[in-house]
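# Commentary on secondary and tertiary structure
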There are 2 protein chains.
Amino acid sequence: MSTGKATIIQKIKYYRKQYAAALLDDIIPFWVKNSPDYQNGGYFTCLDRDGRVYDTDKFMWLQGRQLYMLAKLYNCLEQDRQWLELGRLGADFIKKFGRAADGDYYFALTATGRPLIQPYNLFSDYFCGMGLAQYARAAGDETSRDLALTIFKRQEARKTNPKKQYNKSYPGTRPAEALNIPIIELNFCLEIKEALPGVEADERISRTIEHIFSRFLNPRHGLFHEAVTLDPDEMDHFDGRLVCPGHGLECAWIILEAALQLRKHRWIAPACEILLKTLNHGWDQDYGGIFYFRDLLDKPPDRLDWDQKLWWVHTEALVALILAYKITGETVYFDWFEKVNAYAWQTFADPPHGEWFGYANRRGEILLTLKGGKWKGFFHLPRFLFMCCGIFQDILDQQGQALRAHHREG
Amino acid sequence: MSTGKATIIQKIKYYRKQYAAALLDDIIPFWVKNSPDYQNGGYFTCLDRDGRVYDTDKFMWLQGRQLYMLAKLYNCLEQDRQWLELGRLGADFIKKFGRAADGDYYFALTATGRPLIQPYNLFSDYFCGMGLAQYARAAGDETSRDLALTIFKRQEARKTNPKKQYNKSYPGTRPAEALNIPIIELNFCLEIKEALPGVEADERISRTIEHIFSRFLNPRHGLFHEAVTLDPDEMDHFDGRLVCPGHGLECAWIILEAALQLRKHRWIAPACEILLKTLNHGWDQDYGGIFYFRDLLDKPPDRLDWDQKLWWVHTEALVALILAYKITGETVYFDWFEKVNAYAWQTFADPPHGEWFGYANRRGEILLTLKGGKWKGFFHLPRFLFMCCGIFQDILDQQGQALRAHHREG
């Protein structure tokens, strides 16, 4: 059953209010109150159901992401001094402790900044880079700008050997490439482009998107592989068969966003098609929600958490769906948005204590009571709410323009 | 409610039959039929519900384990030529393809033996070593004996740097040690001792057990930590708080077995106490079964699979419990045995297709349809059935001796 346009506009007005209230009255205050480590700098991200810190280690993905989100909100929503000051707390910690001697960013530090886990993957750098770029713009901080640009330059070279000496694959037998790297590369380039005007990122964005389409898309299923080998005949193994719907959905909105920014309209139709196919394949027909992993050929996946429902998979889906609706006006995206939206709030929201749970089992029962941890921080949820508010507004503005045009013409 | 001795003896007679039938009429035939790769050598371990091969990669842990189990059955149960020949299939594959240039054993190979995943941990070597040692005895094969002894010597040195260049921990900040390494060291030493008489392993066994008791046991909770740091005040973090009941239970039976073999009776009482405390802590009061992981302080663990029920956790518990009952005669262990036994067969057994499922969710619903995979092979289940049959027999023999003694004295 699809929904009429007038009803959709009414609903979007309602969602705009709901999402804005969640972002401004719940999510931001929860993290502003519970997360800052004023003593050592940086942020605590391991927060229990009611916001209490239950672990003090600092994971650099989450330090970078929280810095990014605070500075992004300062730059794009409101110049709130508190957000900028909290941004400085994270930026200073990252600048002081985040970088190893080889120039890459650690994975984890102790509360006081002593290194715990080596820089074994690219994501710490990408997230710190996104954070430093937006903070550079917010605070006019040249050091942060230089660091972000250094990451921007280094990452392109690092992509050829993203795991460094920690790579366990035997060279040559089955050379593989993971989808999450071009996704984060795209996300990072779009943020650099916005935060540091004048930096040329369009060519990298275009090249990465063409690479994703040509390399990761399974032509028969219309889904992205989570990893691909050079030889397409060599794909029938655990890694080659793995599909992560969350990454497919995240990738879809990032491509749609890039298509708008770079005016590459030819990317829109395939991204929208992948979005729908990924949802159809990833949606749990029995219990609702989107699976964490699936095997493309329905063999048993090598992941014990494959059937779980994670908050970020659903927030990424919602961003992709409302963006696809804004761009195409096709109600199929809005109907899916409402279905995922209902599931997500019902499953993850926690009105008595605020914020969202992150991890539910297949039935939607909460698996971990945390609001923040080693992987969940101040990032996916506020970014989704912030982005959706903007997209809701765009849709209402389009509608307003259409009405005004009609009025003028009438 | 505890059970009377006469009833226990009747029940053990029943279980002895049930377990022997499961081992000989179901589990062994399932793997003998479906697992051998006669073309390339070695074993397929990724077997679907009905035994069909769904993935052909070869994981060295499982190659070594299957070789071990076949040769162990040949040496200790019956000199079945088929088991020996299938053993040779695995031993030849391991000898030909298993070892990397640095002398360590790969983690994974392709079906034809091309290396896929580097030798990044000790377990491939330990399992191949156990397999080669038992196979050396079964086949009188000198090459296998030499390889097993080389592993025996190398592993002691490797324990100080088990992850080699793949270690992601920053040196010095929080030096930690994992429980699974002394457990496999113990298991391996006991097997070497049995398979290759004359090899001196008792001192290594004693030293490892004293090390486990002094280093991994949490004195307040009576449970083993999954990892420990040098500084006991530095334990309140994800890794330090983690408890894996399955490892505690496995460790308990291995210590009990070592106590019998080395006549170190002082190890029995603490191992039995840890066994009961681990079960009490690990048992799911709501749905039954033993959790995969728990946080010692009930904080959210850093494992999305923490509440799942895995077959091997339950088989290790059952071995520990029946062994503790045999040694102590205390019915608390038998009562627990029956509780875990009922849960395990009801949850994991699959009478229509044979063998056991390996992975269930918290409610005991099957999560993956596989009978074998990347981690589940021909090992825990047949070892458990084989060991329990022997222990059941010991208990019945003890009972018989007691009766005969009573008769003579009467």
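Residues numbered from 1 in each chain as written. Chains lettered and ligands numbered in written order. Predicted model: local features only at pLDDT ≥ 70, side-chain atom pairs only at ≥ 80, totals over all residues. Heavy atoms only, no water.

### Observations concerning the sheet that holds strand E4 (residues 108-109) of chain A
All names here are of chain A. Definition in use: DSSP-based pairing: two strands are paired if at least 2 bridges between them are found. Put simply, DSSP marks the helices as runs of H or I at least four residues long and the strands as runs of E at least two long, and each gets a number from the N terminus on.
Here we have 3 strands laid out as an open sheet, ordered E3-E4-E5, and antiparallel in their pairing. Only two strands of the sheet have a single partner each, and these edge strands are strand E3 (58-59) and strand E5 (115-117). Pairing between E4 and E5: 2 bridges, direction antiparallel. Counted as the bridge partner of Ala108 is Ile117 from E5.

### Quick word on the layout of surface pockets
To keep it simple, the criterion reads: Definitions used for this entry: grid spacing 1 Å over protein atoms alone; cavity, a set of points where a 1.4 Å probe fits but cannot get out; pocket, an open set with protein on both sides within 12 Å along at least 5 of 7 lines; lining residue, one with an atom within 4 Å of a point. Grid points are joined across faces, edges and corners, and a volume is the space filled by probe spheres set on the points. Basically, the charged four are Asp, Glu, Lys and Arg, the nonpolar ten are Ala, Val, Leu, Ile, Met, Phe, Trp, Tyr, Cys and Pro, and anything else, Gly included, counts as polar.
Taken as a whole, the second largest pocket spans an internal volume of roughly 530 Å³. Surrounding the second largest pocket, 29 residues form its lining, Trp306, Asp307 and Arg362 of chain A together with Asn361 and Leu367 of chain B being those nearest its centre. A class-by-class count of the residues in the lining of the second largest pocket yields 12 nonpolar, 5 polar and 12 charged.

### Topic: the domain arrangement of chain A
Residue and element names in this part refer to chain A. Filter applied, for reference: These domain boundaries are the output of an automatic or database domain assignment. Accessible surface is computed with a 1.4 Å probe, and the buried area is the amount of it that two parts give up when combined, taken over both parts together. Each salt bridge in this description consists of a side-chain nitrogen of Lys or Arg and a carboxyl oxygen of Asp or Glu lying within 4 Å of one another.
Entries for chain A in the domain assignment read domain 1 (1-33 + 178-358 + 375-410) and domain 2 (57-168). One C-alpha centre belongs to domain 1, the other to domain 2; they are set 24 Å apart. A buried area of about 3100 Å², summed over both sides, lies between domain 1 and domain 2, and 74% of it is on carbon and sulfur atoms. The interface formed by domain 1 and domain 2 holds 6 salt bridges in total.

### Concerning the interface of chain A and chain B
Size of an interface, as often reported, equals the accessible area lost when the parts are brought together. For the record, the criterion: Residues count as neighbours in contact if any of their non-hydrogen atoms are within 4.5 Å of one another. Each polar contact in these results corresponds to two N or O atoms within 3.5 Å; when the atoms are within protein, one needs to be able to donate a hydrogen and the other to accept it, and residues that are neighboring in sequence are counted only if both atoms are side-chain atoms.
Across the boundary between the two partners, chain A contributes 48 residues, which contact 48 residues of chain B. Both sides together, the interface formed by chain A and chain B hides about 4200 Å², and carbon and sulfur atoms give 56% of it. Across the pair Glu365 of chain A and Arg363 of chain B runs a salt bridge, and its minimum N-O distance is 2.1 Å. Put simply, chain A and chain B have 24 residue pairs in polar contact (both at pLDDT 80 or more) between them. Looking at the side of chain A that touches chain B, the elements that each hand over two or more residues are strand E2 (53-55), E5 and helix H8 (238-241) of chain A.

### Looking at the packing of helix H2 (residues 60-76) of chain A against helix H4 (residues 123-139) of chain A
Each pair of packed helices can be described by the angle between their axes along with the distance between the axes. Residues and elements named next belong to chain A. Convention followed: To get an axis, fit a line to the C-alpha atoms, keeping to the stretch in contact for a helix; angles then go from 0 to 180 degrees between the N-to-C directions. Roughly parallel here means an angle under 35 degrees, roughly antiparallel means over 145, roughly perpendicular means 65 to 115, and every remaining angle is called oblique. Crossings are sorted by hand: turned counterclockwise from the far helix by less than a right angle, the near helix makes the crossing left-handed, and turned clockwise it makes it right-handed.
The contact between H2 and H4 brings their axes to 7 Å, and the two run at 25°. Between H2 and H4, the angle is such that the two are roughly parallel. Of the two elements, H2 crosses H4, and the hand of that crossing is left-handed. Across from Met60, Trp61, Gly64, Arg65, Leu67, Tyr68, Ala71, Lys72, Tyr74, Asn75 and Cys76 in H2, the residues of H4 making contact are Phe123, Ser124, Phe127, Cys128, Met130, Gly131, Leu132, Gln134, Tyr135, Arg137 and Ala138. Looking at the contact of H2 with H4 residue by residue, the class counts come to 14 nonpolar, 5 polar and 3 charged.

### Description of the relation of the copies chain A and chain B
How we decide: Least-squares fitting of one copy onto the other uses the C-alpha atoms of those residues that reach a pLDDT of at least 70 in both copies.
Taken as rigid bodies, chain A and chain B are interconverted by a rotation of 180° and an axial shift of 0.0 Å, the fit giving an RMSD of 0.0 Å. Expressed as a symmetry operation, the mapping of one chain copy onto the other fits a two-fold axis. Of every C-alpha in chain A, the one belonging to Tyr166 of chain A sits nearest the axis of rotation, 2.3 Å from it. A share of 100% of the interface residues of chain A reappears at the interface of chain B, consistent with the copies meeting face to face through the same patch.

### Description of the side chain of Asp55 of chain A
As a reminder of what qualifies: Exposure classes here rest on a 1.4 Å probe applied to the protein chains alone. A residue is buried below 20% of its type maximum, exposed above 50%, and partly exposed in between.
Relative to the assigned elements, Asp55 of chain A resides in strand E2. For Asp55 of chain A, a relative accessible area of 2% corresponds to the buried category. Here the side chain of Asp55 of chain A touches Asp57 of chain A through a polar contact of 3.2 Å, landing on its backbone nitrogen. Non-local contacts of Asp55 of chain A, meaning those with residues more than four positions away in its chain, are made with Cys46 of chain A together with Asp236, His237, Phe238 and Arg241 of chain B.

### So, the sheet that holds strand E5 (residues 115-117) of chain B
On the basis of which strands lie adjacent, the open sheet formed by 3 strands has the order E3-E4-E5 (chain B) and antiparallel pairing. The outermost strands of the open sheet, each flanked by one partner alone, are strand E3 (58-59) and E5 of chain B.

### With respect to the packing of aromatic side chains
Keep this limit in mind: When two rings of Phe, Tyr or Trp (its six-membered ring) have centres within 6.5 Å they constitute a pair, described as stacked for plane angles under 30 degrees, edge-to-face for angles over 60, and tilted for the intermediate range.
Using the criterion set out here, one finds 80 aromatic pairs over all chains in the structure. When the ring of Phe59 of chain A is compared with that of Phe238 of chain B, the centres are 6.2 Å apart and the planes differ by 45°; the resulting orientation is tilted. With one member in each of two chains, Phe59 of chain A in strand E3 and Phe238 of chain B in helix H8 (residues 238-241) form a pair that bridges those chains. Using a relative accessible area of 4% as the deciding quantity, one classes Phe59 of chain A as buried. When its relative accessible area of 8% is taken as the criterion, Phe238 of chain B is described as buried. Summarising the aromatic geometry, the rings of Tyr292 of chain B and Trp312 of chain B are spaced 6.4 Å apart at their centres and angled 85° between planes, so their arrangement reads as edge-to-face. Here the residue Tyr292 of chain B occupies a position in the loop between helix H10 (268-282) and strand E11 (294-295), and Trp312 of chain B occupies one in helix H11 (residues 311-328), the gap between them amounting to 20 residues.

### Here's the deal with unusual backbone geometry
Residue and element names in this part refer to chain B. In this structure, Lys164 is a non-glycine residue whose phi angle is positive, near 50°. You can see Lys164 is positioned in the loop between helix H5 (142-158) and strand E6 (176-178). One non-glycine residue, Asp298, lies in positive phi territory at about 60°. Here Asp298 lies in the loop between E11 and strand E12 (309-310).

### A look at the nonpolar core
What counts, and what does not: Buried Ala, Val, Leu, Ile, Met, Phe, Trp, Tyr and Cys residues that are joined via side-chain atoms within 4.5 Å together make up what is termed a nonpolar core.
In terms of nonpolar packing, the biggest core is built from 298 residues, with Tyr19 of chain A together with Tyr19 of chain B touching the most fellow members. Setting aside chain neighbours within four positions, we find Tyr19 of chain A in contact with Leu318, Phe337, Asn341, Trp345, Phe384, Leu385, Cys388, Cys389 and Phe392 of chain A.

### A few points about the environment of Lys58 of chain B
All names here are of chain B. Here Lys58 shows up in strand E3. The spacing of Lys58 and Leu147 is 89 residues in sequence and 20 Å in space, taken between C-alpha atoms. In this structure the side chain of Lys58 is engaged in a polar contact, spanning 2.8 Å, whose partner is the backbone oxygen of Gly41.

### Section: the pattern of salt bridges
Enumeration according to the criterion identifies 80 salt bridges over all chains in this entry. Note that Asp102 of chain B and Lys164 of chain B form a salt bridge whose closest N and O atoms lie 2.8 Å from each other. Of this pair, Asp102 of chain B sits in the loop between helix H3 (81-97) and strand E4 (108-109) while Lys164 of chain B sits in the loop between H5 and E6; the two residues are 62 residues apart in sequence, bridging distant segments of the chain. What makes Lys164 of chain B buried here is its relative accessible area of 17%. The shortest N-O distance in the salt bridge between Arg158 of chain B and Asp125 of chain B comes to 3.0 Å. Of this pair, Arg158 of chain B sits in helix H5 while Asp125 of chain B sits in helix H4 (residues 123-139), and the two are 33 residues apart along the sequence. Neither Arg158 of chain B nor Asp125 of chain B differs from the other in exposure class; each is buried. Via salt bridges that share partners, Asp102, Asp104, Asp125, Arg154, Arg158 and Lys164 of chain A belong to a single interconnected network.

### Quick word on empty space enclosed by the protein
Residue and element names in this part refer to chain B. Per the stated rule, a full pass over the model turns up 1 cavity of 30 Å³ or more. If you add up the space inside the largest cavity, you get close to 30 Å³. The wall of the largest cavity is formed by Leu179, Leu223, Phe224, Val243, Cys244, Gly248 and Thr278. Taken together, the residues of the lining of the largest cavity break down into 5 nonpolar, 2 polar and no charged.

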